Amino acid sequence: MTKQSFHPTRRQTLLLMGAAGLTTLAPSLTPLGAAQAQEAPSGQLVIGFSQEPTVFNPHMPHIEVDEGVHYAVFDPLFDVDQDGNFFPLLAAEVPTVENGGISADGLTWRVKLRDGVTWHDGTPFTAEDVKFTIELLVNPEFKSWRSTGHDQVRNLTVVSPTEITWTMEKPFAPYLSLLAGTFIVPKHAFEGQDPNTAPFNNTPIGTGAYKWKNRVAGDHIELEANTNYFGDGPYLERLVIKYIPDLTVLYTQFKTGDIDLVGLQWITPDHYEEAKGLSDRVVEVVGTATFESLSFNMQRPQFQDLAVRQALYHAIDKQAIIDALYYGVPSPTETFMPRESFYYNDALPAHEYSPDKARALLDEAGWVPGDDGIRVKDGVRLAFTNSTTAGNHLREQVQQFLQQSFQDIGVEMTISNLPPAVMWGDYWMLSQFDSVVVGLNVLTGADPDASTFFLSSASPAKGGAGQNTWVYENPEVDALLTQGAETVVPEERREAYLKIQEILRADLPFLPIYQYAVIHGRKAGVEGFAGNVNNRIDTWNVRSWRWN
Amino acid sequence: MVRYLLSRCGQSLVLLFLVSLIGFMVLNLAPGGPLSQFALTPGMTKEALDRIAEQMGLNRPLPIQYLDWLWHLIRGDWGVSYRDGRPVLEVIGSHLFATLLLMGTATFFAVLIGASVGIKGALAQGSAFDTTTTVAAMIALSIPTFWFGLVAIYVFSLWLGWLPAGNMYTVGDGSVGDYARHLILPSMVLALVEVAVWSRYMRAATLEVISQDFVRTAKAKGLPPRRVVMKHIVGNALVPMITLAGLQLPTLLGGALVTETVFTWPGMGRLFLDSLGYNDYPVVMGLLMFSAILVLIGNLAADLLAASIDPRIRLD
């Protein structure tokens, strides 16, 4: 087997030059291959999740926690590490314009695959499996959870067992990131089967570092080392994914040592101080790509005046919310883009908490306090409801705090919370709310594309197919989003996304409060763990985890 | 007798039908639905949600969905879980053992201790023992299981380090001793409340028998006190307990919602909560039918048993 070489994009080259002074590179940048001496897997690691993984076919509708298993059992063609660099897995190299993998117009793709990889059942992995996976995702008979991007693939051709080509209907830059989240599944496991009910769906066969062993429903999933893994790892003989439904119990079992690593939904902020002091435990705060905001329904007359949105933003004491309610764990933000991203705009105007400015803005815009102290303009009362998931105690406290702050500037906010199934059903999708407090990740995997959320044509309330529930409309943003999605070279795309963030910060269809951060905890001997804002779940690099 | 059984079965079928109809309506008429959990998935679109809804048959009119479900059920097909695609009966079956183990152990100790305490208290009504156990039972009944479970974990797992903080067994071990160690805390927590219930019922039943004429007669004709207690009092006081046991059957298999959550016990209670949370309608409906059937069987069995033991009860 030949040693794999790393083909950086322009951006990756710059990053690599910057990293040259460091003694070590990120583990994921280490060339993968059999040339490395590999120790035998040993030991067992128990990961605790507060939700139960139940969907093991990665292409059927599933939630975040299911991907915790997918990353261990399957591999995508390539993935994105914590610094935003693509690295090859089942592909021999990441396709770029420079290496000829993607044509300059972004239309023709050619992916070379790693040779000598086998599925867990011993069948060789070939380009046919890649073809099958992409076709499965757009198969109208299949309960596919997402066909975005794949539906633009044409002329999918297997050139040889280690090479596949296709053309895109139109240039679509986010496709590279979408492929990074697309786990390749074995064609032979579906032969003669209905893909919706194939036995594979409950006993998955992958190429990943860990093999499926068994599942005790409602309790745990046991995976064992794939000693034939093509890459670096695995280092653990057994990986146990334990379901612990209550967050207090999850933390307690971390303290007692029953679980070695606290995954989704991590340690709650109220336990952070205590957790930091535990002996033989490593506890750290890691940023994620989700941002919390007070989001408006822009169709409501109260919110059509920019001055109102600006005034409400001035009335929010972000720092007080973060410190008093979230124990200082998350960090304030001005945008939807995570600060770890290459596309993050760090030049946005900083939010200023000032009730005086808020009142002045409203006075100036002609919103005059009525008899009850609530401002009115042209017969419109500055009053609205605010909704979120009922039972989310921290958010409910944030709402009460906001209610008080807005009351002080003559704005009435009524809290009207709903159970999750109702809140995020039609009420949310069809924009039936006035305003919500919501945590959203609007990106496309590791890609900055946010078209499904910000394109004016993406509002379900107006018949659109996306999730622009603000019903936000700005032709300039539309143009920039389209331009960004069609540009393949990261440096050129960056300008578009910086500008989009600038416009959204000025327009304020949502008031950004903070970027999410989660509190990870693990036993001191666990090595290889790395938080990654570009992936949805902690096990993205579980192949490298080991006991010291 | 056969006629009685047939009429009971007929009534049960009508009842099951009504339970299924009401259950289905309540589940489906509540806003939201099985797909709302995917709404906040990054990149999820209304279009994709609509497509999945159509593939799952969720956009058909409710009466059609209900009849479809019922028709399958009549033919023995309980449907397939929305969560993991497995047949509903298999999903329920995979949680039964855990619940039986936990509830069986807890109930065994609860009945044994509860009945003894109840009888002893009734025989010495007003004594220090009776007063103490009555007060203790009231306290045990009032303690929230969730809180008590957490306190037990803090004391016995975190502080003393004697027992595991939860789970049914250690992955990779799973020996009988390992199961037993994991059983102690949750079954103790569950049994505490049940002991209280059983002792209260047993005490009341015993007191009622003690004041009966035949007990006085037995004493008057000079039977040894031990024989009066065992044969005349306890024997008769146990009859109403059979009905209670019949009512407990669904609980035995239905699991304990709170205790199973606190001790991460993979039983039926957890399954019910999780399935509700995920709007996994086929499993929720399956559990509903399953427990309805258990209630009916439990009651029928209790009636038959009581009649066969107590000649005063006649079934017709």
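Residues numbered from 1 in each chain as written. Chains lettered and ligands numbered in written order. Predicted model: local features only at pLDDT ≥ 70, side-chain atom pairs only at ≥ 80, totals over all residues. Heavy atoms only, no water.

Focus on the overall build of chain B
Then comes step 1: Counting its regular elements, chain B contains twelve helices and zero strands.
Then comes step 2: Order of helices (α) and strands (β) in chain B, N terminus to C terminus: α-α-α-α-α-α-α-α-α-α-α-α.
Then comes step 3: Here the C-alpha coordinates of chain B stretch approximately 85 × 60 × 35 Å along the principal axes.
Then comes step 4: In chain B, which comprises 316 residues, the share counted as buried stands at 46%.
Then comes step 5: Restricting to contacts in chain B with at least 6 residues of sequence separation, those with at least 24 account for 72%.
Then comes step 6: With the model as given, the accessible surface of chain B reaches about 15700 Å², and the carbon-plus-sulfur share is 70%.
Then comes step 7: Side chains of chain B carry 21 positive and 19 negative charges; the gap between the two charge centres is 14 Å. (Helix = DSSP H or I, 4+ residues; strand = E, 2+ residues; numbered from the N terminus. Buried < 20%, exposed > 50% of the residue type's maximum accessible area, 1.4 Å probe, protein only. Contact = heavy atoms within 4.5 Å. Areas by Shrake-Rupley, 256 points an atom, 1.4 Å probe, with all protein chains shown as cover. Lys, Arg positive; Asp, Glu negative; His and termini not counted. Charge placed at Lys NZ, Arg CZ, Asp CG, Glu CD.)

Remarks on the pairing of strand β1 (residues 44–49) of chain A
Residue and element names in this part refer to chain A.
Then comes step 1: Taken across its six residues, β1 has five buried, putting it largely inside the fold.
Then comes step 2: Pairing between β1 and strand β9 (residues 238–243): six bridges, direction parallel. In the sheet register, G48 faces β9, and the bridge partner there is K242.
Then comes step 3: Pairing geometry for β1 and strand β10 (residues 261–267), over two bridges, is parallel. Paired with I47 across the bridge in β10 is L261. (Pairing = 2+ DSSP bridges.)

What to know about the sheet that holds strand β4 (residues 108–112) of chain A
All names here are of chain A.
Then comes step 1: Pairing in this open sheet of three strands is antiparallel, and the strands run β4-β6-β5 from one edge to the other. With partners counted over all chains shown, the strands left at the sheet margins are β4 and β5 (153–160), one partner each. For this sheet, the mean angle separating the axes of adjacent strands, direction not counted, is 15°.
Then comes step 2: Sheet strands in contact with helix α3 (residues 127–137) are β5 and β6 (163–168), and its direction is about 165° off that of β5. (Axes fitted to C-alpha atoms, helices over the stretch in contact; angles between N-to-C directions.)

Observations regarding the interface of chain A and chain B
Where the parts come together, the accessible area they lose is often given as the size of the interface.
Then comes step 1: With 58 residues of chain A in contact, the opposing surface of chain B contributes 47 residues.
Then comes step 2: When chain A packs against chain B, close to 4200 Å² is buried across both sides, 59% of that on carbon and sulfur atoms.
Then comes step 3: Among the ionic pairs, R215(A) bridges to D84(B), the shortest N-O distance being 2.8 Å.
Then comes step 4: Run the count over chain A and chain B and you get 14 residue pairs in polar contact (both at pLDDT 80 or more).
Then comes step 5: Contributing elements (two or more residues each) for the side of chain A that touches chain B: β7 (210–216), β8 (220–225), β9, α5 (247–256), α11 (420–423), α12 (426–429), β18 (435–440) and α13 (451–454) of chain A.
Then comes step 6: Among the elements that line the side of chain A that touches chain B, the one with the most residues is α5(A), at five residues. (Buried area = accessible area lost by both parts, 1.4 Å probe. Salt bridge = Lys/Arg side-chain N within 4 Å of Asp/Glu carboxyl O. Polar contact = N/O pair within 3.5 Å; in protein donor to acceptor, adjacent residues only side chain to side chain.)

A closer look at the environment of N57(A)
Residues and elements named next belong to chain A.
Then comes step 1: Inspection of the secondary structure puts N57 in the loop between β1 and α2 (64–73).
Then comes step 2: Sequence-wise, N57 and A458 are 401 residues apart; in three dimensions their C-alpha atoms are separated by 28 Å.
Then comes step 3: Those residues in contact with N57 that lie beyond four places of it in its chain are H70, F142, F190, P195, F200 and N201.

Considering the packing of aromatic side chains
Residue and element names in this part refer to chain A.
Then comes step 1: Under the defined criterion, the tally for this structure stands at 37 aromatic pairs over all chains.
Then comes step 2: When the ring of W424 is compared with that of W428, the centres are 5.3 Å apart and the planes differ by 75°; the resulting orientation is edge-to-face. Across this residue pair, the class does not change: W424 and W428 are buried.
Then comes step 3: Through a chain of ring-to-ring contacts, the aromatic side chains of Y71, F74, F132, F183, F190 and F200 assemble into a single cluster.
Then comes step 4: Sitting above the plane of the F254 ring, R281 keeps its charged end 5.3 Å from the centroid.
Then comes step 5: Across the ring face of F342, the terminal group of R494 is positioned such that the distance to the ring centre comes to 5.1 Å. (Phe/Tyr/Trp six-rings, centres within 6.5 Å; stacked < 30°, edge-to-face > 60°. Lys NZ or Arg CZ within 6 Å of the ring centre and 35° of its normal.)

What about the UniProt feature "domain: Solute-binding protein family" (unreviewed entry) in chain A?
Then comes step 1: Using the residue numbers shown here, the UniProt feature "domain: Solute-binding protein family" (unreviewed entry) corresponds to residues 101–457 of chain A.
Then comes step 2: End-to-end, the C-alpha atoms of residues 101–457 of chain A are 32 Å apart, and along that stretch the chain is 25% helix and 24% strand. (UniProt positions renumbered as here; feature names shortened; annotations may be inferred.)

Some words on the pattern of salt bridges
Side chains that differ in sign of charge can pair as their charged atoms come close.
Residues and elements named next belong to chain A.
Then comes step 1: Across all of its chains, the model carries 36 salt bridges over all chains by this definition.
Then comes step 2: Across the pair E284 and R522 runs a salt bridge whose closest N-O atoms are separated by 2.8 Å. Pair noted here: E284 is in strand β11 (residues 281–296) and R522 is in strand β19 (residues 510–523), with a separation of 238 residues, a long-range link.
Then comes step 3: Looking at E284, the relative accessible area reads 29%, which means it is partly exposed.

Concerning the nonpolar core
Then comes step 1: Residues W166(A), Y175(A), L312(A), F336(A), F406(A), V442(A) and F454(A) are the most contacted members of the largest nonpolar core, which totals 153 residues.
Then comes step 2: Of all hydrophobic cores here, the second largest spans 27 residues; its members include V240(A), I267(A), A165(B) and V189(B). (Core = buried A, V, L, I, M, F, W, Y, C linked by side-chain atoms within 4.5 Å.)

A short note on the UniProt feature "transmembrane region" (unreviewed entry) in chain B
Residues and elements named next belong to chain B.
Then comes step 1: Here, UniProt's "transmembrane region" (unreviewed entry) annotation points to residues 12–30, 96–123, 135–159, 179–198, 237–263 and 283–306.
Then comes step 2: A helix fraction of 89% and a strand fraction of 0% characterise residues 237–263, whose end C-alpha atoms lie 35 Å from each other.
Then comes step 3: The span residues 283–306 is 100% helical and 0% strand by assignment, and the distance between its end C-alpha atoms comes to 34 Å.

Considerations on the environment of Q55(B)
Then comes step 1: On the secondary structure map, Q55(B) appears in helix α2 (residues 46–55).
Then comes step 2: In contact with Q55(B), not counting residues within four places along its chain, are P140(A), E141(A), F142(A), K143(A) and S144(A).
Then comes step 3: Among the polar contacts made by the side chain of Q55(B), one reaches the main-chain carbonyl oxygen of P140(A) at a distance of 3.0 Å.

Examining the packing of helix α1 (residues 2–29) of chain B against helix α3 (residues 62–74) of chain B
Residues and elements named next belong to chain B.
Then comes step 1: Contact pair α1 / α3: the axes reach a minimum separation of 11 Å and the direction vectors enclose 135°. One way to sum up the angle between α1 and α3 is to call them oblique. For the element pair α1 and α3, the recorded crossing hand is right-handed. Residues F17, S20, L21, F24, N28 and L29 of α1 form the contact with α3, whose own contacting residues are L62, Q65, Y66, W69 and L70.
Then comes step 2: Residues belonging to the contact of α1 with α3 are distributed by class as follows: eight nonpolar, three polar and no charged. (Parallel < 35°, antiparallel > 145°, perpendicular 65-115°, else oblique. Left-handed = near helix turned anticlockwise from the far one by under 90°. Nonpolar A, V, L, I, M, F, W, Y, C, P; charged D, E, K, R; others polar.)

A closer look at the domain arrangement of chain B
All names here are of chain B.
Then comes step 1: Under the domain assignment, chain B is made up of domain 1 (2–74) and domain 2 (95–309).
Then comes step 2: Using only C-alpha atoms to locate each centre, domain 1 and domain 2 end up separated by 33 Å.
Then comes step 3: Between domain 1 and domain 2, the residue contacts involve 17 residues of the former and 15 residues of the latter.
Then comes step 4: Of the roughly 1500 Å² buried between domain 1 and domain 2 on both sides combined, carbon and sulfur atoms contribute 76%. (Domains from an automatic or database assignment.)

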